[in-house]
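This is what each chain is made of:
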Amino acid sequence: MSTARIIDGKLIAEGLREDVAAAVARMSRDHGVTPGLAVVLVGDNPASEVYVRNKDRQTRAAGMTSIEMKLPATTSERELLALVHELNRREDVDGILVQLPLPPHIDSGRVIEAIDPAKDVDGFHPINAGRLATGQPALVPCTPLGCIILAKSVQPDLTGLDAVVIGRSNIVGKPVARLLLGENCTVTVAHSKSRALPEIAARADLLIAAIGQPEFVRADWIKPGAIVIDVGINRVPGEGGKHRLVGDVHFEDARHVAGAITPVPGGVGPMTIACLLRNTLTAAAARRGIALAL
Ligand code: GUN
């Protein structure tokens, strides 16, 4: 039985972070500019705290300034909006990320729309979503960008491929579909209400699974030789009362059918922060009129 090439997201993310760090060092040397990333965390969601800690560490390791703002869960929407406006004005802040999910009394759409689109390193602002949708230069959401980089690590030119995206969220499904169109793929977006999901998936030369359901995509949904990018990170009960992480694809079976596949963990996950650092560098260069050679 053939076995897929395992796409090493950890290694590829490391390489991307090194490239960003080198570009940051050049920017600092040639222009006296150190890019700054502000991360805002409201409340004490444990998963969010882990993400924010990793972002802080990796931002500093890339030579950028990390500004961490932790606010209590009782923070009002008005207070959070005031903080976003202050960060929009700050000259030393190139990127602003408000960690999601926000407490339920805060309207996250309103907060995202308050961020200056030029500093929107998550690429969630409707201006950036609209620019991506119309093929204009934009800050692009980090996880979708990571998916494209991983797919291109296997096949540098994706032109003409039949790409199927399962999932239609604003954070992954829709933006990754738009990026794939930009790469000249024929793109199908399927989702939980799609009929005949296995048949749709089986047409894919490039399959992106972003459903949020553990091991939902089975081996017999996969076209032999396809590139499979698994965005899911699901905690399921493991042995001895412990938890283990699995993706949206049944990895152990799928690896015998796919041509290349991302593991979970160690696939798409590490790419997200690496792409965030890249977006922060891009935003710093664009806002300050500096040409970037990445
Ligand atoms: N929460 C989990 N992932 C993300 C992300 O990429 N951006 C933001 N803002 N919040 C998140």
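The shown structure was predicted, so the numbers you read here are calculated from the model rather than taken from an experiment.

Asks: For this particular structure, what's the right way to read the sheet that holds strand S5 (residues 162–166)?
Replies: Strand pairing within a sheet occurs via backbone hydrogen bonds; the two strands may be parallel or antiparallel. Strands sit in the order S1-S11-S8-S7-S5-S6 across an open sheet of 6 strands; the sheet is parallel. The open sheet has two free edges, formed respectively by strand S1 (5–6) and strand S6 (186–190), since each of these has just one partner strand. As judged from the 4 bridges shared by strand S7 (residues 206–209) and strand S8 (residues 227–230), these two strands associate in the parallel manner. Across the sheet, residue Leu206 finds its bridge partner in S8, namely Ile227. Along the sheet, helix H6 (residues 142–154) contacts S1, S7, S8 and strand S11 (260–261); its crossing angle with S8, the most-contacted strand, is approximately 155°. Sheet contacts for helix H7 (residues 173–182): S5, S6 and S7; angle to S5, the most-contacted strand, approximately 170°.

Asks: Explanation requested: the nonpolar core in the structure shown.
Replies: Soluble globular proteins tend to pack their nonpolar side chains together in the buried interior. Core analysis: the biggest nonpolar cluster contains 41 residues, and Cys147, Leu158, Leu180, Leu206, Ile208, Ile229 and Val231 have the highest contact counts within it. Taken together, the elements giving at least two residues each to this core come down to helix H1 (9–31), strand S2 (36–42), H6, S5, H7, S7, S8 and helix H10 (269–287). Top element by residues in this core is H6. It accounts for 6 residues. Setting aside residues no more than four positions away along its own chain, Leu206 makes contact with Ala151, Leu158, Leu161, Asp162, Ala163, Val164, Leu180, Ile227 and Ile229. With 19 residues, the next largest nonpolar core counts Ala4, Ile166, Leu197 and Val228 among its residues.

Definitions and limits used
Residues numbered from 1 in each chain as written. Predicted model: local features only at pLDDT ≥ 70, side-chain atom pairs only at ≥ 80, totals over all residues. Heavy atoms only, no water. Pairing = 2+ DSSP bridges. Helix = DSSP H or I, 4+ residues; strand = E, 2+ residues; numbered from the N terminus. Contact = heavy atoms within 4.5 Å. Axes fitted to C-alpha atoms, helices over the stretch in contact; angles between N-to-C directions. Core = buried A, V, L, I, M, F, W, Y, C linked by side-chain atoms within 4.5 Å. Buried < 20%, exposed > 50% of the residue type's maximum accessible area, 1.4 Å probe, protein only.

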